[in-house]
Amino acid sequence: MRLPLIAGNWKMNTTVPEAIKLVAAMLTELNRIDGVEKVLCPPFVSLVPIKELLQGSSVKLGVQNMYFEDKGAFTGEISPVMLIDLCQYVILGHSERRQYFNETDALINQKVKGAFRFGIVPILCVGEHLEENEADMTKVVVTRQIKLALQGVNPSAQLVVAYEPVWAIGTGKAATAEQASTTISVIRSTIAGVWGKEIAQRVRILYGGSVTQGNIAEFVTDAEIDGALVGSASLKAEEFLSIVKQAALIKARV
Ligand code: PGA
C-alpha cells in the first residue's frame, strides 16, 4: 500500500503575506483530511513563516529547487543543509527548470544525491515534450530521464516521481488518466530495472499537468497513479482543498 500524496507547486507566485494568507485559508480543513499526504511547496522566502504556521499540523513542506553542494561559493543557491530542518520534500528536475535554467539530467542526478544525503525526499519530475509525444517517444524519454536521474543513487522507497508531460503543464490540456497510467507503468518498471521490483513497488508516482478539481477524480481512480503534483490549482484554497478531499475519498476505495 502506497500512501497517496498531493503536492502543491506554487512556482514563482505569492509574496510572503500572500503565502501566509493562502495557508491560513486551507490549514484547518487540510488537517482534517486523512489517508493522503499533503505537501505544500511555496517559494523559499515563505518557508520559515509557513513552517511556523504548520507547527503541529499534518501538512508537510517542500521546496521547488535546491543546489546539491553542502555549502560554498555558489552565489544565489540554496543547499540541502540549509533545508534539513525546514522541509521534507524537494521538487527536482521540473520541466521549467530543465527548459528555462538549462538543468541537465546529470545536474538533476547530483541534486537527487544531494537531497538523499541529507534526508530530504526528492519529488523527481520527468516527462516528454509535445513533439516527443507525437513521435511516440514518451516511453524512451521518461526511461532515459529516470535512468540518468537515479544513476549511482542508493535504492530508496522514499523517492517520489511525478510524471508531468510538458505539453500538459499550465496549458489546461491534461493527459488522460489512461495515458498517465500507461507511462507511469513504464516509469515503475524502469525503477524496478535499476533498484529492483520490491523497492519500485513502494515508490510513489504522481501525475502532474493541468490537474484541477474537475479532473483529479479521474486520475486517482487509477490504481497506478498515487496522487498529483498540482500547479496553478494549488494557488486557490478552495480548489486545492477539493483536490485533496477527492483524492482521500477515492483512494480509500481504490
Ligand atoms: P499546472 O502545473 O498544474 O499548472 O499545469 C503543474 C506543475 O508544473 O507541476
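Note: the structure precedes this text.
Everything in this summary refers to the structure shown in the same document.

### Comments concerning the sheet that holds strand E4 (residues 89-92)
Reading around the circumference, E1-E2-E3-E4-E5-E6-E7-E8 is the order of the 8 strands in this closed barrel, with parallel pairing throughout. The sheet shows a mean angle of 25° between the axes of neighbouring strands, direction not considered. Note: strand E1 (residues 5-9) against strand E2 (residues 37-41), 5 bridges, orientation parallel. What sits directly across from Leu5, in E2, is Glu37. Helix H11 (residues 237-251) contacts E1, E2 and strand E8 (227-230) of the sheet and is inclined by roughly 165° relative to E1.

### Here's the deal with the site of the ligand
Among the 13 residues in the neighbourhood of the ligand, the closest are listed as Lys11, His94, Glu164, Gly170 and Ser210. At a separation of 2.6 Å, an oxygen atom of the ligand approaches a polar side-chain atom of His94. Gly231 places a main-chain nitrogen or oxygen 2.9 Å from an oxygen atom of the ligand. Protein contacts shield 98% of the accessible area of the ligand, which totals 280 Å² for the unbound molecule.

### Points about the side chain of Asn9
Within the secondary structure layout, Asn9 lies in strand E1. Within the local environment of Asn9, its side chain forms a polar contact with the backbone nitrogen of Lys11, the two atoms lying 3.1 Å apart. Asn9 has contacts with Cys41, Gln64, Ile91, His94, Leu229, Val230, Gly231 and Ser234, leaving out every residue within four places of it along the chain.

Rules used in this analysis
Residues numbered from 1 in each chain as written. Predicted model: local features only at pLDDT ≥ 70, side-chain atom pairs only at ≥ 80, totals over all residues. Heavy atoms only, no water. Pairing = 2+ DSSP bridges. Helix = DSSP H or I, 4+ residues; strand = E, 2+ residues; numbered from the N terminus. Axes fitted to C-alpha atoms, helices over the stretch in contact; angles between N-to-C directions. Contact = heavy atoms within 4.5 Å. Near = heavy atom within 4 Å. Polar contact = N/O pair within 3.5 Å; in protein donor to acceptor, adjacent residues only side chain to side chain. Areas by Shrake-Rupley, 256 points an atom, 1.4 Å probe, with all protein chains shown as cover.

So yeah, pure geometry; function would need other evidence.
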